[in-house]
Structures are given as structure tokens and as C-alpha cells.
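Summary of the model geometry
Single-letter residue listing:
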Amino acid sequence: LKDIPREQLVGDIDKAIEMVKTSLSKLSETDLEKEFPLDMGGRRGSICFILIHLTTHFNYHFGQINYHRRLLS
């Protein structure tokens, strides 16, 4: 999408944060130790491992966004 109003973008981010909080709060220690049911780009592992992988992957993209922000300002 392009030209998304700032208010909508912030609102969508807030909704995503709440969804993640709600989902994570429902997971038990036993749930985190279970194998994630899907192949993630050739990687298999526990739900905990996949969550850590996704967190670090998000940080990689966050760095890319920050780099482009600096180029434009």
C-alpha cells in the first residue's frame, strides 16, 4: 500500500501489538516447547525458537526501514 494516512498506520500498528500480546499471553511453557507446525524457510524448531527467529527477523527489517528513513530526511 502507498500513501497510507499516518493515523491509519499507527492504528494498524497498535492493533498488531494488541494481537501479539493477546496471543502470547495464551501460550503456556508447554506450548512454547512444542514443535512449530510449519516449515519456516527450511527451518524447523519449537514455537519458542520460531518466535525468537521472527523477533530478530523483524529487527533486521526495522533496521532497513530506519536506514531508508535517514536517506529521505
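The text that follows walks through the structure, step by step, so that each part is easy to find.

1. Overview of the layout of surface pockets
By volume, the largest pocket amounts to about 640 Å³. As for the largest pocket, its lining consists of 15 residues, and the residues nearest its centre are Ile13, Ala16, Ile17, Val20 and Phe58. With 9 residues, the single largest contributor to the lining of the largest pocket is helix α1 (residues 6-25). Class assignment of the residues belonging to the lining of the largest pocket gives a composition of 11 nonpolar, 2 polar and 2 charged.

2. What to know about the packing of aromatic side chains
Tallied over the full model, the rule gives 1 aromatic pair. Measuring from ring centre to ring centre gives 6.2 Å for Phe58 and Phe62, while their planes differ by 25°; the resulting arrangement is stacked. Note that Phe58 and Phe62 are positioned in helix α3 (residues 47-72) at a spacing of 4 residues, about one turn of the helix. Exposure remark for Phe58: the relative accessible area of 51% places this residue in the exposed category. Its relative accessible area of 48% is what places Phe62 among the partly exposed residues.

3. Focus on unusual backbone geometry
Its identity is not glycine, yet Asp3 carries a phi of approximately 55°, on the positive side. As for its position among the elements, Asp3 is in the segment before α1. A relative accessible area of 80% places Asp3 in the exposed class.

4. Digging into the pattern of salt bridges
Here the idea is simple: oppositely charged side chains can pair when their charged atoms come close. The tally for this structure, following the rule as stated, stands at 3 salt bridges. Ionic pairing is found between Asp31 and Lys34, a salt bridge with its closest N-O pair at 3.3 Å. Residue Arg44 is joined to Glu35 by a salt bridge in which the shortest nitrogen-to-oxygen separation is 2.6 Å. A relative accessible area of 42% means that Arg44 is categorised as partly exposed.

Calculation notes
Residues numbered from 1 in each chain as written. Predicted model: local features only at pLDDT ≥ 70, side-chain atom pairs only at ≥ 80, totals over all residues. Heavy atoms only, no water. 1 Å grid on protein atoms, 1.4 Å probe; cavity = no way out; pocket = protein on both sides within 12 Å on 5 of 7 lines; lining within 4 Å. Points joined across faces, edges and corners; volume = space filled by probe spheres on them. Helix = DSSP H or I, 4+ residues; strand = E, 2+ residues; numbered from the N terminus. Nonpolar A, V, L, I, M, F, W, Y, C, P; charged D, E, K, R; others polar. Phe/Tyr/Trp six-rings, centres within 6.5 Å; stacked < 30°, edge-to-face > 60°. Buried < 20%, exposed > 50% of the residue type's maximum accessible area, 1.4 Å probe, protein only. Salt bridge = Lys/Arg side-chain N within 4 Å of Asp/Glu carboxyl O.

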